[in-house]
Amino acid sequence: MDAMPDHALRSLLVVGGGSAGWMAAAAIKSAAPALQVALVESEEIGIVGVGEATIPPIRAFNRQLGIPEDRFVAETMGSFKLGIRFMGWGRADGDYFHPFGSFAVDFDPVSLHHWWLRERAKGRDPGPLDDYAMAWGAACRGRFQPPVNDPRLIQSTHDYAYHFDAFLYAALLRRLAEARGVTRHEGRIEGVERCGESGDIRAVRLADGRTLAADFFIDASGFRSLLLGEALDTPFEDWSRWLPCDRALALPTANGKAIAPYTMSTARPAGWQWRIPLQHRTGNGHVFACAFMDEAEAEALLLGHLEGAALAEPRLLRFRTGRRRQSWVANVVAIGLAAGFMEPLESTSIHLVQSAITRLLALFPARAGNDAARAEYNRVTAEEWERVRDFLILHYHLNEREEPMWRHCAHQPPPDTLSWKIEQFAATGRLVSYGYELFQNPSWLAVHVGQGHLPAAWDPLADQRQGVDAAARLAGLRRLIAEAAEAMPLHLDFIAQAGMAGPVRRAA
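Keep in mind that this is a model prediction, so the values were computed, not measured. (Residues numbered from 1 in each chain as written. Predicted model: local features only at pLDDT ≥ 70, side-chain atom pairs only at ≥ 80, totals over all residues. Heavy atoms only, no water.)

Asks: Give me the lowdown on the nonpolar core, citing residues and values where you can.
Replies: The biggest cluster of nonpolar side chains holds 86 residues, and the ones touching the most others in it are Phe-80, Tyr-169, Ile-218 and Ile-335. Ranked by residues supplied to this core, first place goes to helix α1 (residues 18-31) with eight residues. Judged by nonpolar contacts, the second largest core, of 56 residues, contains Ile-55, Tyr-96, Ile-422 and Trp-444. (Core = buried A, V, L, I, M, F, W, Y, C linked by side-chain atoms within 4.5 Å. Buried < 20%, exposed > 50% of the residue type's maximum accessible area, 1.4 Å probe, protein only. Helix = DSSP H or I, 4+ residues; strand = E, 2+ residues; numbered from the N terminus.)

Asks: Account for the packing of aromatic side chains, naming residues and giving values.
Replies: Taken as a whole and assessed by the stated rule, the structure comprises 28 aromatic pairs. Consider the rings of Phe-72 and Tyr-169, whose centres lie 5.4 Å apart with planes at 85°: the pair is edge-to-face. Residue Phe-72 is found in helix α3 (residues 69-75), and its partner Tyr-169 is found in helix α6 (residues 166-179); the two are separated by 97 residues along the sequence. Of the two residues, Phe-72 and Tyr-169, both sit in the buried class. (Phe/Tyr/Trp six-rings, centres within 6.5 Å; stacked < 30°, edge-to-face > 60°.)

Asks: Go over the side chain of Thr-282, please, and point to the residues and values.
Replies: By the element assignment, Thr-282 lies in strand β16 (residues 282-288). Here Asn-255 takes part through its side chain, which lies 2.4 Å from a polar atom of the side chain of Thr-282. When near neighbours in sequence (up to four residues on either side) are disregarded, Thr-282 contacts Leu-251, Pro-252, Thr-253, Ala-254, Asn-255, Arg-275, Ile-276 and Pro-277. (Polar contact = N/O pair within 3.5 Å; in protein donor to acceptor, adjacent residues only side chain to side chain. Contact = heavy atoms within 4.5 Å.)

Asks: Could you give an account of the sheet that holds strand β21 (residues 340-341), with specific residues and numbers?
Replies: The three strands are arranged β12-β18-β21 in an open sheet whose pairing can be described as antiparallel. Edge strands, defined here as strands with exactly one partner in the open sheet, are β12 (236-238) and β21. Helix α10 (residues 371-397) rests against β18 (322-324) and β21 of the sheet, and its axis sits at about 170° to β18. (Pairing = 2+ DSSP bridges. Axes fitted to C-alpha atoms, helices over the stretch in contact; angles between N-to-C directions.)

Written out as structure tokens, the structure is:
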């Protein structure tokens, strides 16, 4: 076996636990087994467990760690997620679905949604756009089945993610990480030691007097941003002029007999309410802007719109939307809340942790000479966060609601990067991007159309294709999706049949 070269990292310390910290520890140790990986956390410090809903890339992360899906779902009391249903967004009576996967399959070089727009404009009702998503076909019937691998079948066109208990996921990752050699330290950090010459972090000091040194650090310390924010004084970019919500109240409720295979997001006068169904409970929360609603009113609104009995008192979280200007400074990479915050409207919190870890592994540091890797990491991170930010802003900007907060959001000029996309769609329904984006064309289409932002025209190429019987093709796709969905098992039946029921659900 070759000796470890002098320039290679010898040790890495993750500061903070929870899902973010243990995701980092488990993934880095799995990818770099020779590296000494440790994590420090304090049981005295609570974990922000708002993000219990995810998007499809989480499946790849679990696969890379070797976590079987049945074990993951059972041990986290998880359920399946086919997308997000938006109620009251755009208009008070709005109701649409952001599906995971595509809108059926294109039957012509002109995209399906242009034929849908054309039929609609011609007075031939093609039905709601939602009806062309296999994900919605299953979700609205309370059914679930993973997509098939045969691209000829309509059942191959949807995707899925999970709802899960973030505390149980962190515990699962901790067991996995420790089994692979990660060392856990219990303790509260009271100080940070820096190298006078380079400015790098040298060590953290614990309240009991211990010092934990490392070559490299992952800051997973939550909103406090202990290393990146406090010790390294990295500036924060505030995005609240576009995304004004700055509070969230969260509490669990009891489940009913059936649980929906999707996340629910319901617009409220100064924000929105989430509902995330798990096997053993339902997560609920009210995200709101304190400039437009006080905390007492927000709590009363949340408690008045619960579907099950409350299992705890509401917990208040305060936040500011935005990000640290750089996520990698000196020998520290911040992930999760330590790097920034975007409200969980599109369930991106855990994904941004995942992508940060994946990016770090692709640009893995040495003990020195990391300038090029650091610059590229920060460039790609900034682009990712800004593109997700723009997608969230789209939900707020495209609205016709009358309440003051919604009027503020509708009248606030969006970032130039988003304005360009809105203008392109408004003209002829074209969906444009800046290269790779986390949320791709079907996601943008769902929000534009779902919130009533229909273009002035459709793709002109459709008018040149006289032989296409679009009405028949669209009707056939709707029928095919409905039939395929009816053949799927009910959500909880699939979980039980696949051996994924957690202990509480099995006992029930």
